[in-house]
Amino acid sequence: MVNETETLGGSLEDLHAFCAVIEFGTLSAAARERGETKGSISRRLSRLEQRLGVALLARTPRSVSATEEGTAFYLKTRDALALLADASASARAAQDVPAGHLRLTTPVDLGVGVMPPLLTAFHALYPQITIELLATDAPLDLSAHRIDLALRATPGNLPDMNYRASALAHFRIQLYAAPDQPLPEHPSELGDYPLLASRELSGATTLELEDERGRRSALTVRPVMRTNDFASALQLLRHGVGIGPLPDLIARESVARGELVQVLPHWHLSRGTLFAISLGGAQAPARVRVFREFLRQQLGPDSHTG
């Protein structure tokens with residue numbers, strides 16, 4: 001099967017020169033329009049005809065005119081070059097103008113517990129950007145799934161670091177409970193309260209906490225309930241099941257609304273970093289760059305830097 005790119009030699013300049021000759025009527029006029037010499041235009045035409053194996057122009061000492069094959073080739077080439085110019089303009093605009101379709105993937109916990117108000121606020125700022133959210137804990141390949149941006153937390157689930165990973169926010173996993181109930185004043189008292197075990201404690205019986213000075217406290221617990229994700233843990237804690245762990249990024253909206261309170265606020269179970277991962281990096285489309293910066297502004301100021 002003939003490769004058309006090889007047939008044409010991949011020279012767009014030769015195609016532009018041919019179209020200019022047809023449109024301006026002479027090699028001299030085409031040369032002036034293209035900013036080249038008449039000899040350069042003539043060589044481009046000869047090279048193009050040789051690659052195609054067909055005469056595109058009938059030449060006389062005073063003029064050139066398109067052959068039948070040349071006319072048909074010109075009409076299709078003109079349209080193809082116009083489409084290419086339009087595609088190039090669109091690509092350049094995508095770098096400068098935040099518009100188009102943003103395809104985003106996040107873990108389920110973030111997709112359910114954090115993203116809805118953020119996506120709503122972002123769309124209000126940039127209504128020309130449509131958004132598609134894929135909430136899944138599977139580390140989807142950005143290229144294969146045509147994903148613009150992936151939000152992932154450390155450790156252990158970042159994709160190939162050939163992608164650009166930009167830190168958005170630091171977070172801590174701490175203990176929370178519904179308000180208006182007795183709360184412990186020290187980790188050693190947690191065994192006397194109903195506890196919810198979430199993902200970080202799945203299958204474990206030892207609760208380990210660390211305070212801001214690096215002091216640790218560990219105790220054996222018997223949870224009254226377990227769940228394997230933070231999204232359901234958030235709902236259970238809001239409904240008063242007891243005390244349980246949540247990332248502060250997921251809990252903070254409920255805390256702000258008075259639906260949850262921090263338990264032992266100077267202690268945490270673990271900490272991590274939320275990353276925005278993209279293929280383009282600095283060359284990413286404008287829609288990706290503005291969304292990444294929006295998330296950094298929304299999540300960064302309230303994150304723990306520890």
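Now for a look at the structure at hand. Counting from 1, residues in each chain are numbered in the order their sequence is written. Reporting in this predicted model follows two pLDDT cut-offs: at least 70 for local features of residues, and 80 or more for side-chain atom pairs to be given and counted; totals over whole chains, interfaces and linings ignore these cut-offs and use all residues. Just so you know, side-chain values use all the structure's heavy atoms and leave hydrogens and water out.

1. Brief notes about the environment of L219
So, point 1. Under the scheme used here, helices are H or I runs from DSSP no shorter than 4 residues and strands are E runs no shorter than 2 residues, and both carry numbers assigned from the N terminus. With respect to the helices and strands, L219 occurs in strand β9 (residues 216-220).
So, point 2. Put simply, L219 and E208 are 11 residues apart on the chain and 6.8 Å apart in space, counted from C-alpha to C-alpha.

2. Quick notes on the packing of helix α3 (residues 27-34) against helix α4 (residues 38-52)
So, point 1. The convention used is that axes are lines fitted to C-alpha atoms, helices contributing only their stretch in contact, and that angles between N-to-C directions extend from 0 to 180 degrees. Running from N to C, α3 and α4 point in directions that differ by 105°, and their axes come no closer than 8 Å. Considering their axes alone, α3 and α4 lie roughly perpendicular with respect to each other. For the pair α3 and α4, the contacting residues are L27, S28, A30, A31 and R34 in the first and K38, I41, S42 and L45 in the second.
So, point 2. We call Asp, Glu, Lys and Arg charged. Ala, Val, Leu, Ile, Met, Phe, Trp, Tyr, Cys and Pro are nonpolar, and the rest, Gly among them, are polar. Of the residues contributing to the contact of α3 with α4, the split by class is 5 nonpolar, 2 polar and 2 charged. Throughout, the term roughly parallel applies to angles under 35 degrees, roughly antiparallel to angles over 145, roughly perpendicular to angles from 65 to 115, and oblique to all others. Two residues form a contact once any of their heavy atoms are found within 4.5 Å.

3. Details of the pairing of strand β8 (residues 206-211)
So, point 1. Alternating positions in β8 separate cleanly, L207, L209 and D211 being buried on one face and T206, E208 and E210 remaining unburied on the opposite face.
So, point 2. A pair of strands is labelled paired if DSSP reports no fewer than 2 bridges between them. In this structure, β8 lies alongside β9, joined through 5 bridges in antiparallel fashion. Within β9, the residue paired with E208 across the bridge is A218.
So, point 3. Here β8 hands over to β9 after 4 residues, with G214 in that stretch at a positive phi of 90°. Working definition: with a 1.4 Å probe on protein chains only, accessible area under 20% of the residue-type maximum means buried, over 50% means exposed, and in between means partly exposed.

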